[in-house]
Amino acid sequence: MRVFLHTSKSEFDIIELEDTTSAEDVLREHVKIEEAELWLEDADQPFERTVTLIEVVEEDAHLHGSRCKKIEATINFHDRQETHSFPPSATIDHVFKYSVGDNGFNLPRDERPKHQLVLCQTTTVPDKSEHIGSLAKDCEICFDLNPKKKFEG
């Protein structure tokens, strides 16, 4: 079975799982980071090391291997700042929805699509499918929640 493996590097690897491949096998053979854990995309908890992956994931699943148990995400919006912990397998889209939603800055529903997350002190808008664990440094990440710019031509 084919899965996509994300780590602290920005690109992902495509790996084939055998019938007996465990989370420990993937961590040892592909992640190669001491004390790393393996997560299913947007899952709250990592896999048990002994779990046979083919029994718990689907074809083309996105997995994330990380030594970080949680990523501390700071999100800035105007003069306010919120900090929340996410698993390293959380997608940018997941963090965005949290940021604009009831538990974050609670933007009006019609205003939410008009905003985007930008990496702090940059103009980089990460892809919504990217894992925050692939972007974080030392288990931390910072975003500015900015309005999308419209080209006025």
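The following paragraphs examine the structure supplied in this document. These figures come from a predicted structure and were not determined experimentally.

Backbone hydrogen bonds hold the strands of a sheet together, and the pairing may be parallel or antiparallel. What the four strands build is an open sheet, ordered β6-β5-β8-β7; its pairing is mixed. What marks the edges here is a single partner per strand, and that holds for β6 (80-86) and β7 (115-119). Averaged over neighbouring strand pairs, the angle between their axes works out to 30° when direction is ignored. As paired elements, strand β5 (residues 71-77) and β6 share seven bridges and run antiparallel to each other.

Let's shift gears to the packing of aromatic side chains. Summed over all chains, the structure comprises three aromatic pairs. Seen from their ring centres, F77 and F105 are 5.3 Å apart, and the 45° between their planes marks the pair as tilted. In this pair, F77 sits in strand β5 while F105 sits in the loop between α2 (92-100) and β7, placing the two residues 28 residues apart along the sequence. Judged by relative accessible area, which is 10%, F77 ranks as buried. The buried category is assigned to F105, whose relative accessible area is 5%. The ring of F96 is capped by K128, whose NZ or CZ atom sits 5.2 Å from the centre of that ring.

This brings us to the pattern of salt bridges. Summed over all chains, the structure comprises eight salt bridges. K69 serves as the salt-bridge partner of E37, at 3.1 Å between the closest nitrogen and oxygen. Taken together, the positions of E37 in strand β3 (residues 37-40) and K69 in the loop between β4 (61-66) and β5 put the pair 32 residues apart, joining distant regions of the chain. Accessibility expressed as a relative area gives 19% for E37, which makes it buried.

What counts as what
Residues numbered from 1 in each chain as written. Predicted model: local features only at pLDDT ≥ 70, side-chain atom pairs only at ≥ 80, totals over all residues. Heavy atoms only, no water. Pairing = 2+ DSSP bridges. Helix = DSSP H or I, 4+ residues; strand = E, 2+ residues; numbered from the N terminus. Axes fitted to C-alpha atoms, helices over the stretch in contact; angles between N-to-C directions. Phe/Tyr/Trp six-rings, centres within 6.5 Å; stacked < 30°, edge-to-face > 60°. Buried < 20%, exposed > 50% of the residue type's maximum accessible area, 1.4 Å probe, protein only. Lys NZ or Arg CZ within 6 Å of the ring centre and 35° of its normal. Salt bridge = Lys/Arg side-chain N within 4 Å of Asp/Glu carboxyl O.

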